[in-house]
Amino acid sequence: MWLRCGLENGTGPIHYVWEHETRSGLVTTFAQSNNSLVNVTEVNRNHTGWYRCLASNAVNRERSDRIWLDIIFGPDVPQIDVTPYSVTERGYSALERETVSLLCQAQSNPPSQYVWFYNNSQVYTGPQFIITKILRMHTGNYACLAQNTYLNTRSKKTISLTVYYPPDASPSCSVEPAQNHTSLRLLCSWPGGLPSPSLHWTRGLLGLVQDLADAGQEIDKMTDNATLLPSVANTSNNTVFTCVGSHPALKQTTYCSTRTYSPPAEPVCLAYATRKNQYLMLSCSWNGGAPRALMWWEGPGGQGQAGVENTNILVLRYGTAHSGQPYTCHAKHPLLAQTKTCRLTLEAPVLMTQRSVVSVYEGSDVQLTCILRANYPPASQITWFNNHRKEVWDTPNKYLLQRAAAWTNLTVREADETHDSGQYWCSASNAVGGAEIPVTLLVMRYPMPPNVTLVKVAYSSRKRSEVEVEWRIEGDDEENDGEEDRGVTSFILEHRWVAERPARRNGNVSEDKEERSTLPVWYRTIVQDPVTRSHTLGSLTPTLNYQIRITPVNRRTVGHPSAAKTPADPPFNAYPAVIGAAIGGMFFAALLTLLLLIYIIRNRRNSRLHDLLFGMQHSQSRENINFPEDEVVREAEGAIEEIGASSSPGPAMPLPRAASPLSATPVTGQPPPPEDEPVSVTITVKATGS
């Protein structure tokens, strides 16, 4: 780079001095010579600043204006500062939920542009990248890229940031047996966290702890979280061990405790069968204790596995169990020197019944009993089979089962000789074996009831809709008739129609007989009272002929039906018919008379009717009756018209009044009526009723 200081004139020699002023205002002499040109080699960023030329001779001294020299460079390799500052083997570290600041600086002119990358993904632009409440997911590589946009140059630096976080929850402690239940193994687990937490065991509760190694306890540290105690001679029952854990992300330590003790009670043995008794499972339990005890079974015939863990259940197939022989369960605990035992004795079911043969009358309910005397394990249920060797279910209409733990009763409802007599079976089984016993049921019929004879079968009225039936039982006498049933509990009264009565059709008098074939269907009516000897059948069709019979019943035994009879008609009574005919005749005569009077009134001007009623007489002897309301005088013709029941509309006209034969003074100016003029007679009939 050349710097030239130019002068317009001056007397030599001229001395040139170059001054350099930095950004901070520091002024230094950069170069001086008698030459106006200065050559600057190896230009670097330090040459940036203001430059001024001073020219002087023996006469005068002049200072030039300053000029700015800008050196373009960079960027340098960035420098990353992490706050808070914590360095590990793998780089920088930070605690979870802290605020972490990443500051990137790189020398450059013009100033660098900064871009931040997280695991090769751009996340921020600017020199300082701040992460508030950093999380474990923010662990990774962070890179800062510095760019000089003028020179189009760039530089980059990457750091590794690890976020420390504590384990979740708290440590968990447990104790388990080791070396075939002769020693103890202490387990402490605190999963999660970065880095892994630090764990160690102590005896006793926190605050009264004593390190196992310091206490002289012989230990064998297998892993970071497992400690073996080879000898338990110095370990008493109900001893507490504490696991203490610490982590860099936690300010305080945390802990957990476990206790070792032997079970307080004795082992318990149980047996239960799977579905349908396919397998029998023997279970041995010894509740309590830490760690859990070791249990195994020993049975007859070498059944069971001795001294092997997780064999507290022995599975036997159906039929392989030995009935009456004991099965022994052994239990061992690390804190006890001797083993504990419990025993089971398996037994097949044994059944009993109160009566092996049960008899009952037909129609009654009977109960069959079945008792379970001994069995183990308990049978699931007692099963009954009927006389057809079919399993009996609880059917209210026929079978009723009553169950208990040691017995089951079967009730047969309304026993029938044909369907229910026979041998019933009671069966029970468990996983050891099964048993069954027979119970014989004898259903006896009631005696045949005595015969019944119909005494009276007749219609109660001429309507033929009801029939009165009376009967007698064979052996009835007048003294005890109806007082006792004499082997009869009810009656079956039956009827059927056999033919249709003659009927009138469409008002014809001719008889149209329609015969119907006799049907074999009898309609039953049950008479429950055994003492009664009569009954009325109703709702019969009058046009049909019926046959009626009765059958005695002794509970479930049906006797022989009586001979069928046809109902007889009731005796004829003429007195009501005569009275009815007389009343009907009087009513008909009154009606006929009324009709005749109406006919005469409506036809009162008919001469033939008049002659028929009054006969042929001389015209002068006739009574001349003429009233104004019977005639109408017309002005035009002067004719006389008959006045009907209703008058025609119009003004009223004065009517001439005929001379009455009783009048003393004749009417003048009016000619006498002709001899053949019809006489108008008005008759008023007034009917009154009581």
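Every chain's residues receive numbers from 1 upward, in the order its sequence appears when written. Local features in a predicted model are, by the rule used here, given only for residues with pLDDT of at least 70; side-chain atom pairs are given and counted only at 80 or more, and totals for whole chains, interfaces and linings are based on all residues. The side-chain numbers reported here are obtained from all heavy atoms of the structure, hydrogens and water having been left aside.

Caption draft 1: Up close: the overall build of the chain. Scanning the chain from N- to C-terminus turns up 3 helices and 45 strands. Buried residues in the chain amount to 34% of all 690 residues. In what follows, a contact means two residues having at least one pair of non-hydrogen atoms within 4.5 Å. Partitioning the contacts of the chain with sequence separation of at least 6, the portion at a separation of at least 24 is 61%. Labels follow the DSSP assignment, with helices taken as runs of H or I lasting at least four residues and strands as runs of E lasting at least two, numbered in each case from the N terminus. Note on classification: 1.4 Å probe, protein chains only; a residue is buried when its accessible area is under 20% of the maximum for its type, exposed when over 50%, partly exposed between these limits.

Caption draft 2: View of the sheet that holds strand β39 (residues 452-459). Strand order across the open sheet formed by 3 strands is β39-β40-β43, with antiparallel pairing between neighbours. One side of each edge strand has no neighbouring strand; the edge strands of this open sheet are β39 and β43 (534-537). With direction set aside, neighbouring strand axes in the sheet form an average angle of 20°. Relative to β43, strand β40 (residues 467-473) is paired through 4 bridges, and the arrangement is antiparallel. If DSSP finds at least two bridges between two strands, the strands pair. For helices, the axis comes from a line fit to the C-alpha atoms of the stretch in contact; other axes are also lines fit to C-alpha atoms, and the angle between any two N-to-C directions lies between 0 and 180 degrees.

Caption draft 3: How the structure looks around a nonpolar patch on the surface. Within this analysis, patches are made of residues with over 30% relative accessible area and no salt bridge. Like charges are joined at 9 Å or less; nonpolar side chains (Val, Leu, Ile, Met, Phe, Trp, Tyr) at 5 Å or less. Throughout, the Shrake-Rupley method with a 1.4 Å probe supplies accessible areas, and for residues the shown protein chains are the sole cover considered. In what follows, salt bridge is the name for a side-chain nitrogen of Lys or Arg lying within 4 Å of a carboxyl oxygen of Asp or Glu. On the surface, a cluster of nonpolar side chains totalling about 490 Å² of accessible area is made up of F587, L591, L594, L595 and I598. Relative to the helices and strands, L594 is located in helix α2 (residues 575-602).

Caption draft 4: Region of the structure containing the state of the cysteines. Only a pair of cysteine sulfur atoms within 2.5 Å qualifies as a disulfide here. On inspection of all chains with the given rule, the structure shows 7 disulfides. A sulfur-sulfur distance of 1.9 Å marks the disulfide that ties C5 to C53. Judged by the sign of its S-S torsion, about -95°, the cystine formed by C5 and C53 is left-handed. In this pair, C5 sits in the loop between β1 (2-4) and β2 (15-21) while C53 sits in strand β5 (residues 49-56), placing the two residues 48 residues apart along the sequence. The two residues C5 and C53 agree in class, both being buried. With a sulfur-sulfur separation of 1.7 Å, C173 is cross-linked through a disulfide to C256. Torsion about the S-S bond of the C173 and C256 cystine: about 75°, corresponding to right-handed handedness. Within this pair, whereas C173 is found in strand β17 (residues 172-178), its partner C256 is found in strand β24 (residues 254-260), the two being separated by 83 residues in sequence. Across this residue pair, the class does not change: C173 and C256 are buried.

Caption draft 5: Up close: the environment of E474. Within the secondary structure, E474 sits in the loop between β40 and β41 (490-500). In sequence terms E474 and V452 are 22 residues apart; their C-alpha atoms lie 5.9 Å from each other.

Caption draft 6: Representation of the pattern of salt bridges. The tally for this structure, following the rule as stated, stands at 17 salt bridges. With a shortest N-O distance of 3.2 Å, R66 and E21 are connected by a salt bridge. One end of the pair, R66, is in the loop between β6 (61-63) and β7 (67-69); the other, E21, is in strand β2, with 45 residues separating them in the sequence. Its relative accessible area of 37% is what places R66 among the partly exposed residues. Its relative accessible area of 19% is what places E21 among the buried residues. Salt-bridge contacts for D365 lead to R413; the nearest nitrogen and oxygen are separated by 3.2 Å. Of the two residues, D365 sits in the loop between β32 (357-361) and β33 (366-376) while R413 sits in the loop between β36 (407-412) and α1 (417-420), which places them 48 residues apart along the sequence. Looking at D365, the relative accessible area reads 44%, which means it is partly exposed. Accessibility expressed as a relative area gives 31% for R413, which makes it partly exposed. By sharing partners, the salt bridges in this structure join E19, R52 and R63 into a single network.

Caption draft 7: The nonpolar core, seen in detail. Only buried Ala, Val, Leu, Ile, Met, Phe, Trp, Tyr and Cys residues count toward a nonpolar core, and they belong to the same one when joined by side-chain atoms within 4.5 Å. With 23 residues, the main nonpolar core has L368, W384, L410, Y424 and L441 as its most contacted residues. Mapped onto this core, the elements with two or more residues apiece are β32, β33, β34 (382-385), β35 (399-403), β36, β37 (422-429) and β38 (434-444).

Caption draft 8: Geometry of the sheet that holds β38. Across the sheet, which stays open at both edges, the 4 strands sit in the order β32-β38-β37-β34 with mixed pairing between neighbours. Each of the sheet's edge strands pairs with one partner strand only, and the pair in question is β32 and β34. Averaged over all pairs of adjacent strands, the angle between their axes in this sheet comes to 25°, without regard to strand direction. Two strands pair when backbone bridges link them, and β34 and β37 are joined in this way by 4 bridges, in the antiparallel orientation.

Caption draft 9: Quick look at unusual backbone geometry. Residue P110 follows N109 across a cis peptide bond; omega there is 0°. Its location among the elements puts P110 in the loop between β11 (100-105) and β12 (113-118). Between L194 and P195 the backbone carries a cis peptide bond, its omega angle lying at -5°. Within the fold, P195 resides in the loop between β18 (183-189) and β19 (198-203).

Caption draft 10: How the structure looks around the confidence of the model for the chain. The predictor rates its confidence in each residue with pLDDT, a number between 0 and 100. Within the chain, residue pLDDT values average 80, and 79% of them lie at 70 or more. Every residue in residues 503-518 is under pLDDT 50, and counting partners more than four places away or in other chains gives 13 contacts. This stretch, residues 618-677, has a pLDDT under 50; its non-local contacts, to residues over four places away or in other chains, come to 45 contacts.

Caption draft 11: The arrangement of the packing of aromatic side chains in detail. Each Phe, Tyr or Trp ring (for Trp, its six-membered ring) is paired with any other whose centre lies within 6.5 Å, and the angle between the two planes then decides the class: stacked below 30 degrees, edge-to-face above 60, tilted in between. One pass over the structure, following the stated rule, counts 9 aromatic pairs. When the centroid spacing of 6.2 Å and the interplanar angle of 35° are considered together, the rings of W116 and F129 count as tilted. Taken together, the residues span a long stretch of sequence, with W116 in strand β12 and F129 in strand β14 (residues 128-131) at a distance of 13 residues. According to the relative accessible area criterion, W116 is buried, its value standing at 0%. F129 sits in the buried class, given a relative accessible area of 12%. With 6.3 Å between their ring centres and 45° between their planes, F129 and Y142 make a pair best called tilted. With a gap of 13 residues between them, F129 in strand β14 and Y142 in strand β15 (residues 140-148) connect regions that are remote in the sequence.

Caption draft 12: Up close: the pairing of strand β16 (residues 153-164). Here strand β10 (residues 91-95) runs beside β16; their pairing, made up of 4 bridges, is parallel. Residue pairing for β16: S93 is matched across the bridge by T162. Bridge count between β15 and β16: 9 bridges; the pairing is antiparallel. Each residue of the ladder has a partner; that of C144, found in β16, is K157. Between β15 and β16, which pair antiparallel one after the other, the connecting turn spans 4 residues, and N152 there sits at a positive phi close to 60°.

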